[in-house]
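Each chain, written out:
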Amino acid sequence: RETKKVKDDNSYLLANRKTGLFALVATLVMTEFNTSTLLGFSAAGYSVGIWGLTLPFVFLFGLGFYTFTVAKKWKKLNGMSVAELFSLRYGSTVGITASLFLIFAMIGFSATYVKSVTVIFQPFLPDVNSYIVSALLVGVVLLMTLRGGLVSVISTDIMGFIGTIFIVPLLFYFSYSQKNLGLEEIIRVFPPESSNALPIRYIVSLVILTMFTYIAAPWYGQKIFAAASEKTAFIAVGISSVIVFILYAFPILAVAYLRLNGVTGINPEEGIPYIIKSYFPVGLRAIAFAVLFAAAATTLSGIWSALTTMLVGDFLLSAKNPKLGKDYIGSMKIFFGFAFVSWLLGNIFV
């Protein structure tokens, strides 16, 4: 039904610039909540315990800074690509250069996301080659979003968001409820000196890096351009920063308690799948893994959509061809092409 709204490039790439508050919050949160960061952040809980909660502050401060500095301004620009700002201020050469670097960076990001979701689901098909498993996963994501572009991406994000806010707190609940542990046991397993593995200077550097790099994040720029208004953009990013912080805090605590429960000899990055397989009731396991897949799918499709929008806006539109076309089939082909490149690079280099 949603794909019927897609009639041209404007709807395929920018959802007609009419995205409301709830939908924008959902898509911003699910763009940032991805399996790659989830596995990496939660693994820190296994090593440093509660001190790992310093990591989600990267998004709380980073996206909070974005909220108050550029959220309204990007919507006011209301372009297609964040690289347009570089073209307006410094000329087309600088704008094109910035766009190319951003495109290459996002291709790298999407390759790591393909790899992370493959790591999660490979155990379900242990005898199948990882190229095939990842191709199946990427194919499912394409089935969900290729036809409808950003409209389908946002619709998928809304469903993933609802599932995520239900399942993610349960990761901590089921891990925490295995044993009744006191403060002494926590300090024994995670003594204060264990925080040295995650020094505060490292966290501060990540916060500062995120604050300034996210200003030009194409995957956020596209969603802001798709917002219904400047006010909607401002409020949505602010709410998203808090929700993303909370959603990453629960898995970190969950994996910290996994170690407190005496689980050793596992790869810390596999802590979340271990909790689901070992502690979740049978009926919830399938839902939990579906939510993990949704987290990967929404991030991947969001980046592919942003990549497509940048390529169209920065390279296919020109003075001779200044408007978006009525036929979005070309954009669909570009979307598919970026998905294929992400799959290939994720298997070869990550």
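Let us look at the structure shown here. (Residues numbered from 1 in each chain as written. Predicted model: local features only at pLDDT ≥ 70, side-chain atom pairs only at ≥ 80, totals over all residues. Heavy atoms only, no water.)

Re the overall build of the chain
Of regular secondary structure, the chain possesses 16 helices and zero strands. By the compact-globule yardstick of 20 Å for 350 residues, the chain fits well, its C-alpha radius of gyration being 20 Å. Projected onto its principal axes, the C-alpha positions of the chain cover 70 × 45 × 35 Å. Relative to its full complement of 350 residues, the chain shows a buried share of 54%. Approximately 15500 Å² of the chain is accessible, and the part contributed by carbon and sulfur atoms is 67%. If the 25 positive side-chain charges of the chain are averaged to one point and the 15 negative ones to another, these points end up 9 Å apart. (Helix = DSSP H or I, 4+ residues; strand = E, 2+ residues; numbered from the N terminus. Rg over C-alpha atoms; globule rule 2.2 N^0.38 Å. Buried < 20%, exposed > 50% of the residue type's maximum accessible area, 1.4 Å probe, protein only. Areas by Shrake-Rupley, 256 points an atom, 1.4 Å probe, with all protein chains shown as cover. Lys, Arg positive; Asp, Glu negative; His and termini not counted. Charge placed at Lys NZ, Arg CZ, Asp CG, Glu CD.)

A closer look at the packing of aromatic side chains
Two descriptors summarise a pair of aromatic rings, namely the distance from one centre to the other and the angle between the planes of the rings. Overall, the coordinates contain 30 aromatic pairs when judged by the stated rule. The ring centre of Phe 234 lies 5.1 Å from the NZ or CZ of Lys 72, which sits over that ring. One Lys or Arg, Arg 259, reaches over the ring of Tyr 46 and ends 5.8 Å from the middle of that ring. (Phe/Tyr/Trp six-rings, centres within 6.5 Å; stacked < 30°, edge-to-face > 60°. Lys NZ or Arg CZ within 6 Å of the ring centre and 35° of its normal.)

Regarding the packing of helix H9 (residues 149-176) against helix H15 (residues 282-316)
Orientation of H9 relative to H15, taken along the N-to-C sense of each, is 140 degrees, at an axis distance of 8 Å. Our classification of the angle between H9 and H15 gives oblique. At the point where H9 passes H15, the crossing takes the left-handed sense. Residue-level inspection shows Leu 150, Val 153, Thr 156, Asp 157, Gly 160, Gly 163, Thr 164, Phe 166, Ile 167, Leu 170 and Phe 174 of H9 in contact with H15, the latter providing Leu 284, Ile 287, Ala 288, Val 291, Ala 294, Thr 298, Ser 301, Gly 302 and Ser 305. Per-class residue counts for the contact of H9 with H15 are 11 nonpolar, eight polar and one charged. (Axes fitted to C-alpha atoms, helices over the stretch in contact; angles between N-to-C directions. Parallel < 35°, antiparallel > 145°, perpendicular 65-115°, else oblique. Left-handed = near helix turned anticlockwise from the far one by under 90°. Contact = heavy atoms within 4.5 Å. Nonpolar A, V, L, I, M, F, W, Y, C, P; charged D, E, K, R; others polar.)

A few points about the packing of helix H3 (residues 35-48) against helix H13 (residues 230-260)
Viewed as axis vectors pointing N to C, H3 and H13 meet at an angle of 40 degrees, and their least axial separation amounts to 7 Å. With respect to H13, the element H3 is oriented oblique. Considering only the axes of H3 and H13, their crossing is right-handed. Across the interface between the two elements, Thr 37, Leu 38, Phe 41, Ser 42, Gly 45, Tyr 46 and Ser 47 of H3 pack against Tyr 248, Pro 251, Ile 252, Val 255, Ala 256 and Arg 259 of H13. Tallied by class, the residues present in the contact of H3 with H13 amount to eight nonpolar, four polar and one charged.

Things to note about the nonpolar core
The nonpolar side chains of a soluble globular protein tend to be buried, and buried together. Ranked by internal contacts, the top residues of the largest apolar core, which has 117 residues, are Tyr 66, Phe 280 and Trp 304. Tallying contributions element by element places H15 first for this core, with 16 residues. Among residues more than four places away in sequence, those in contact with Trp 304 are Ser 110, Val 138, Val 141, Leu 142, Phe 335, Phe 338, Ala 339 and Ser 342. (Core = buried A, V, L, I, M, F, W, Y, C linked by side-chain atoms within 4.5 Å.)

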